[in-house]
Amino acid sequence: MADLVHTHLLDFDGDVVTKRYIDGKPGAAEREWRALTLLAEHAPGLSPRPIAFEAGVVRMTRIDGVPLRGLAAEESPLAAMAAALTELYEAVPSGVLQAVPVRPWQIEAVSDWVRERAAAWRPRDPLADRAVEEGVRWLEAWRPGEAGVRPAFGAGDGNLANFLWDGVRVRIVDFEDSGRSDLAHELAELSEHVSMWVDGEVEIARRFELSGPEERRLRDCRRLQSLVWLFLLSHDSPRNPPGTFARQVERVLRSLGA
């Protein structure tokens, strides 16, 4: 799940990047290394190539490119991003994927986190309070089930800054929350990340062919992720323009039909 806390430091030495995890996030470096190793084998060129691993530290090759934030609304980068995501989600063969640990922050954990934040919510303003109330009402009635679950390898972070455009293709970095997941869940997390709409709406999910059950799962997972961002954005941050939280309140209410 996205958060607003820095979890690592990056050191650059020519074509080598050293990523040092600084917050003691359990398993993050291991997940990063596993992802880079799997992708080097099954989707070479899509991500940095792994070089070396030690406790809390991953060394990898450097990838050139410009982060997509602010660019993804353009057709060429957006099409390249969809192609990169398709390659990522389908890269790991099913037999191999079954042995990959489930990535952190699946639906149950995210739902619990939202409930905790809602329980601690203090009245703020009518629209925000209504968004929280309606969100909790919807969440308590939602029964996710297994319908619409298409296995996929997930990166675990929807930030557009993790997608690098070199003018021809998009490649992907940052796999600290990666692992086995499902397509609808991954697309929902990506679609609702603040970077996908704060500078101009980017609708990536429409680039994927989904079955009816997958569409319904995507809709509900997007509702859940929109609630995550309601709480993450409830305190102003210099990272985002003024009014971002108010816009998120509107997004939540719109997604819930409230």
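The coordinates are above.
Conventions used here
- Residues numbered from 1 in each chain as written.
- Predicted model: local features only at pLDDT ≥ 70, side-chain atom pairs only at ≥ 80, totals over all residues.
- Heavy atoms only, no water.
- Helix = DSSP H or I, 4+ residues; strand = E, 2+ residues; numbered from the N terminus.
- Rg over C-alpha atoms; globule rule 2.2 N^0.38 Å.
- Buried < 20%, exposed > 50% of the residue type's maximum accessible area, 1.4 Å probe, protein only.
- Contact = heavy atoms within 4.5 Å.
- Areas by Shrake-Rupley, 256 points an atom, 1.4 Å probe, with all protein chains shown as cover.
- Lys, Arg positive; Asp, Glu negative; His and termini not counted.
- Charge placed at Lys NZ, Arg CZ, Asp CG, Glu CD.
- Salt bridge = Lys/Arg side-chain N within 4 Å of Asp/Glu carboxyl O.
- Axes fitted to C-alpha atoms, helices over the stretch in contact; angles between N-to-C directions.
- Left-handed = near helix turned anticlockwise from the far one by under 90°.
- Nonpolar A, V, L, I, M, F, W, Y, C, P; charged D, E, K, R; others polar.
- Pairing = 2+ DSSP bridges.
- Expected span 1.5 Å × (residues − 1).
- Polar contact = N/O pair within 3.5 Å; in protein donor to acceptor, adjacent residues only side chain to side chain.

### Describing the overall build of the protein
So, step 1. Summing up its helical and strand segments, the protein has 8 helices and 9 strands in all.
So, step 2. Taken over the C-alpha trace, the protein has a radius of gyration of 18 Å; the compact-globule value for 258 residues is 18 Å, and the two agree within 12%.
So, step 3. Across its three principal axes, the protein shows a C-alpha extent of roughly 50 × 40 × 40 Å.
So, step 4. Evaluated residue by residue, the protein yields a buried proportion of 49% over its 258 residues.
So, step 5. Within the protein, contacts between residues separated by at least 24 positions form 77% of all contacts whose residues are at least 6 apart in sequence.
So, step 6. By element, 52% of the accessible surface of the protein is carried by carbon and sulfur atoms, the whole surface being about 12200 Å².
So, step 7. Here the protein carries 32 positive and 41 negative side-chain charges, and the mean point of each set is 2 Å from the other.

### Considering the pattern of salt bridges
So, step 1. In total, this model carries 24 salt bridges according to the counting rule given.
So, step 2. Here Arg31 makes a salt bridge to Asp177, at a shortest N to O gap of 3.7 Å. You can see Arg31 sitting in helix α1 (residues 28-42) and its partner Asp177 sitting in the loop between β8 (170-172) and β9 (179-182), a full 146 residues away along the chain. Asp177 carries the same exposure label as Arg31, and that label is buried.

### A word on the packing of helix α5 (residues 126-141) against helix α8 (residues 244-256)
So, step 1. Taken N-terminus to C-terminus, the directions of α5 and α8 make an angle of 40 degrees; their axes are 9 Å apart at the nearest point. α5 and α8 meet at a crossing whose hand is left-handed. In this structure, α5 uses Leu127, Ala128, Arg130, Ala131, Glu134, Gly135 and Trp138 to contact α8, whose residues at the interface are Phe245, Val249, Val252, Leu253 and Leu256.
So, step 2. In terms of residue class, the contact of α5 with α8 is built from 9 nonpolar, 1 polar and 2 charged.

### Examining the pairing of strand β1 (residues 8-13)
So, step 1. As paired strands, β1 and strand β2 (residues 16-21) are joined by 6 bridges and run antiparallel to one another. Residue Asp13 lies in a different strand from β2, and its bridge partner there is Val16.
So, step 2. Remark: 2 residues form the turn of the hairpin made by β1 and β2, two consecutive strands paired antiparallel; Gly14 in that turn has positive phi of roughly 65 degrees.

### As for the environment of Val57
So, step 1. Tracing the backbone through its elements, the reader meets Val57 in strand β4 (residues 57-61).
So, step 2. The exposure class of Val57 is buried, given its relative accessible area of 7%.
So, step 3. Spatially, the C-alpha atoms of Val57 and Arg137 are 42 Å apart, while their sequence positions differ by 80 residues.
So, step 4. Setting aside residues up to four positions removed in sequence, Val57 forms contacts with Thr18, Lys19, Arg20, Ala29 and Ala52.

### Description of the sheet that holds β4
So, step 1. With antiparallel pairing, 4 strands are arranged side by side in an open sheet as β1-β2-β4-β3. Each end of this open sheet is capped by a strand with a single partner; those strands are β1 and β3 (50-54). On average, each strand axis in the sheet is inclined to that of its neighbour by 15 degrees, with strand direction left out of account.
So, step 2. Together, β2, β3 and β4 form the strand contacts of α1, whose direction differs from that of β3 by roughly 155 degrees.

### Here's the deal with α8
So, step 1. Given a rise of 1.5 Å per residue, 13 residues ought to cover 18 Å, and the 19 Å separating the end C-alpha atoms of α8 matches this to within 8%.
So, step 2. On the buried face of α8, the contacting elements are α5, α6 (183-192) and α7 (212-232).
So, step 3. Where α8 terminates, the next one or two residues include Gly257, which has phi positive at roughly 65 degrees.

### Examining the sheet that holds strand β5 (residues 66-67)
So, step 1. Taken in spatial order, the 3 strands line up as β5-β7-β8 in an open sheet, and their pairing is antiparallel. Each having just a single partner strand, β5 and β8 make up the two edges of the open sheet.
So, step 2. In the sheet, strand β7 (residues 163-165) pairs with β8 via 3 bridges, with the strands oriented antiparallel. The partner of Leu164 across the bridge, within β8, is Arg171.
So, step 3. Across the sheet, helix α2 (residues 75-91) is in contact with β7 and β8; its angle to β8 comes to roughly 45 degrees.

### Here we look at the side chain of Asn240
So, step 1. One can find Asn240 in the loop between α7 and α8.
So, step 2. Looking at Asn240, the relative accessible area reads 11%, which means it is buried.
So, step 3. A polar contact of 3.2 Å, which involves the side chain of Asn240, links it to the side chain of Arg69.
So, step 4. Residue contacts for Asn240: discarding those within four places in its chain leaves Arg69, Val194, Val198 and Leu233.

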